[in-house]
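Residue-level structure breakdown
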Amino acid sequence: LKKVAIVETSATIANFGPGFDTFGLCLDKPRDVIELEMVNQKGIRIELPEEGYRIPTSPLKNTASIAAKEILKMAGKGSNSIGLKMTIIKGIRPGSGLGSSAASAVGGALATATLLGIKDKKKILLAAAKGEGVSSGAAHLDNVSPCLFGGFTVVLDHERLDVLRLKPPQMKIVICLPEIYVETAKARQLIPKDVPLKTSIAHSSWASGIIQGIKTNDLKLMARCLRDEIAVPPRKQLIRGFDNAREAAITAGALSFSISGSGPAVYSLAVKNHKRIGESIVESFSRIGVKSDYFIAKPGMGAKVKKIE
Ligand code: HSE
């Protein structure tokens, strides 16, 4: 058995337009670092260094330790049979819509699996999904999949953990994070239980267009299909200034504007003027008194084991 594993995981954009609970894109940043050390004191202990966002340190509430426990269970070990100290440097803001809880869960699962010599990615995915399920109220895979595998992922079957992996085009995405906090579990309660046939048809069309856009490196086609009539309409009310921000982004040259995951992060695809688009969104939020920050990200490669000792 190994003694120390350090892994890095990154932010993800779930839903990606029409793919509610289905599509996900891994980003190159922001990132979390999870260091896992085998120690003598039995059980799992979580430590947060000064650097990084605050998250629960109770092993029962933290998605990283819940996922770690799942891996231990799969290996036939009780969570008190060994001692693990987990240090999490949280670079992804919790409650941002950028897959923060999924990044912790994937990090916890991958680090533990690495120490135990478990390589099966499906096991790691399942453990991470369980961790994610505790925090969001439903074990949806659209953040954990791209977070683990990188690139663009399509969850084909949640029960079977059947995930399609696609290589996204090289592109730059403008992401703006307002100082608003959205709890995924609450945002999920806003989603309608049924959708009209018309909406379902439109979503099939757009989802097909997104995949074709990815396959042919056609950013404009992707942006044209980056639409959502299921999750965005009820959720945009949680993001004060959403409509104005969208208008500011489009006026500045953005090709699309949507909510990342359950929000409040919003993002745009664009061929050029990324900086101008980011500044325009921030300015639009600030006009109504909402502070925000923007950054420009690219597709990311997924969770990485940085060190094993
Ligand atoms: N697909 C999930 C949702 C992602 O939109 O609720 C949560 O980040």
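The notes below deal with the structure included here. Predicted model only: the values in this text are computed from it and were never measured.

Considerations on the sheet that holds strand S9 (residues 266-269)
With antiparallel pairing, four strands are arranged side by side in an open sheet as S8-S9-S7-S10. The two strands at the open ends of the sheet, each matched to only one other strand, are strand S8 (258-259) and strand S10 (292-297). Note: strand S7 (residues 173-178) against S10, six bridges, orientation antiparallel. The partner of Ile173 across the bridge, within S10, is Ala297. Packing against the sheet, helix H10 (residues 274-287) makes contact with S7, S9 and S10, and its axis sits at approximately 160° to S10.

A word on the nonpolar core
Ranked by size, the top nonpolar core spans 74 residues in total, and within it Phe16, Leu27, Leu98, Phe152, Ile173, Ile175 and Leu269 carry the most contacts. Apart from the residues lying within four places of it in its own chain, the contact partners of Phe16 are Phe23, Leu25, Phe152, Met171, Ile210, Met222, Leu226, Tyr267 and Leu269. Counting 20 residues, the second-largest nonpolar core is a separate cluster that includes Val174, Val182, Phe242 and Ile259.

Here we look at the packing of aromatic side chains
Enumeration according to the criterion identifies four aromatic pairs in this entry. Site record: aromatic cluster; members linked through ring pairs are Phe16, Phe23, Phe152 and Tyr267. Above the face of the Tyr181 ring, Arg93 is positioned so that its terminal group lies 3.9 Å from the ring centre.

About the cut-offs
Residues numbered from 1 in each chain as written. Predicted model: local features only at pLDDT ≥ 70, side-chain atom pairs only at ≥ 80, totals over all residues. Heavy atoms only, no water. Pairing = 2+ DSSP bridges. Helix = DSSP H or I, 4+ residues; strand = E, 2+ residues; numbered from the N terminus. Contact = heavy atoms within 4.5 Å. Axes fitted to C-alpha atoms, helices over the stretch in contact; angles between N-to-C directions. Core = buried A, V, L, I, M, F, W, Y, C linked by side-chain atoms within 4.5 Å. Buried < 20%, exposed > 50% of the residue type's maximum accessible area, 1.4 Å probe, protein only. Phe/Tyr/Trp six-rings, centres within 6.5 Å; stacked < 30°, edge-to-face > 60°. Lys NZ or Arg CZ within 6 Å of the ring centre and 35° of its normal.

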